[in-house]
Amino acid sequence: MTIRKTAKFTAVMLGLSLAGCSVQDTLSLGVDDPCASLKGIVADYPTGFEQYRGSSNGFRSVTVYNAKEQLIRGHCEIWSWANNDSAYVCSGNTPNDEVATTRYNKAVNWMGQCLGNSWTSTEGERTRDGENAGMVTRFRSSEAGKPNVSVHRVAFHGDSAVYVYVGTPSRLAEF
C-alpha cells in the first residue's frame with residue numbers, strides 16, 4: 001500500500017472511530033491529512049501554536065483560542081496560560097463509556113503510527129478526587145523540546161469523553 005493510500009485509510013479509520021455508535025454524537029475530521037496536521041501542530045509547539053490560533057476568549061488565568069486547524073471539526077482549541085505555556089486540545093463527549101473506549105483505542109493506535117518510532121508511549125489510569133477517571137496514553141519524543149502528546153478516555157460520574165492534548169510535559173499530572 002502506498003503512503004498516500006495509507007494516509008487516506010488512516011484518515012477514514014480515524015473518522016469512523018470518531019463517529020462512534022451514536023448519530024447524535026458524531027464527530028468528523030476537520031483536516032484532509034490528520035497525520036500531517038498533527039505533525040505541524042507538534043512542530044509549532046515552541047511558538048505556543050501561534051500559526052494555529054484563531055479568535056480568542058480571555059479569562060483571568062488563561063486565554064482560549066479557537067484552533068484554525070481542527071483535527072476534530074469544531075472541537076479543538078488552544079489554551080494559553082499567563083506564564084507563556086500553551087496547549088492544543090481537541091475533545092469530544094461520548095454517549096457512553098463503550099463508545100469512549102472504542103474512540104480512545106483507535107485514537108491511540110493512530111497516534112502511535114502517526115508519530116512514529118522516535119516517540120514512546122505509556123498508558124496509565126487517570127484519577128480525579130482519588131477515584132478512577134479513565135485512561136491516558138502519553139507519547140514522548142526522544143528529542144528535547146518536544147511537547148507531551150496524549151490521548152485521554154475520561155469516565156467520571158457518568159460522563160464519558162475522549163480528548164487529545166499537545167502541550168508542555170510539565171503538566172503531565174494534569175493531562
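Residue indices begin from 1 for each chain and proceed along its sequence in written order. Reporting in this predicted model follows two pLDDT cut-offs: at least 70 for local features of residues, and 80 or more for side-chain atom pairs to be given and counted; totals over whole chains, interfaces and linings ignore these cut-offs and use all residues. Excluding hydrogens and water, the side-chain values take into account all heavy atoms of the structure.

Visitor: Even after reading the chapter, I still don't get the overall build of the protein, so can you show me in this structure?
Guide: Helix and strand assignments follow DSSP, with helices taken as H or I runs no shorter than four residues and strands as E runs no shorter than two, numbered in order from the N terminus. A count of helical and extended segments in the protein gives 3 helices and 8 strands. Listing every helix and strand of the protein by position from the N terminus yields α-α-β-β-β-β-α-β-β-β-β. With 175 residues in all, the protein has 47% of them scored as buried. A contact between two residues is defined here by any heavy atoms of the two lying within 4.5 Å. Look at the contacts in the protein between residues 6 or more apart in sequence, and 47% of them connect residues 24 or more apart. Each accessible area is a Shrake-Rupley result for a 1.4 Å probe, and residues are judged covered by the shown protein chains and nothing else. Of the roughly 9,600 Å² of accessible surface on the protein, a fraction of 48% belongs to carbon and sulfur atoms. Three exposure classes are used, based on accessible area relative to the maximum for each residue type with a 1.4 Å probe and protein chains only: buried under 20%, partly exposed in between, and exposed over 50%.

Visitor: Sorry, what's going on with the packing of aromatic side chains here?
Guide: Working definition: an aromatic ring pair is given by the centre-to-centre distance plus the angle between the planes. Working definition: a ring pair exists when centres of Phe, Tyr or Trp rings (six-membered ring for Trp) sit within 6.5 Å. Plane angles under 30 degrees give stacked, over 60 give edge-to-face, the rest tilted. Per the stated rule, a full pass over the model turns up 3 aromatic pairs. A ring pair is formed by Phe 49 and Tyr 88, whose centres lie 6.4 Å apart and whose planes are at 50°; its orientation type is tilted. Residue Phe 49 is found in the loop between α2 (34–43) and β1 (53–58), and its partner Tyr 88 is found in strand β4 (residues 86–94); the two are separated by 39 residues along the sequence. No difference in accessibility class separates Phe 49 from Tyr 88, as the two residues are buried. These aromatic residues form a ring-pair network of at least three members: Tyr 45, Phe 49 and Tyr 88.

Visitor: I'm lost on the environment of Cys 114 in this one. Help?
Guide: By the element assignment, Cys 114 lies in helix α3 (residues 97–115). C-alpha of Cys 114 to C-alpha of Pro 34: the two residues are 80 residues apart in sequence and 8.8 Å apart in space. Aside from chain neighbours lying at most four places away, what touches Cys 114 is Cys 35, Leu 38 and Lys 39.

Visitor: Can you walk me through the pairing of strand β3 (residues 76–81) in this structure?
Guide: Put simply, side chains in a regular strand alternate between the two faces of the sheet. Bridging between strand β2 (residues 62–67) and β3 involves 5 bridges; their strand directions are antiparallel. Its bridge partner lying in β3, Thr 63 is registered against Ser 80. Two strands make a pair as long as DSSP finds a minimum of two bridges between them. In terms of strand pairing, β3 meets β4 through 5 bridges, oriented antiparallel. Bridge pairing in β4 places Trp 79 opposite Ala 87. The turn linking β3 back onto β4 is made up of 4 residues, and Asn 84 within it adopts a positive phi angle of 65°.

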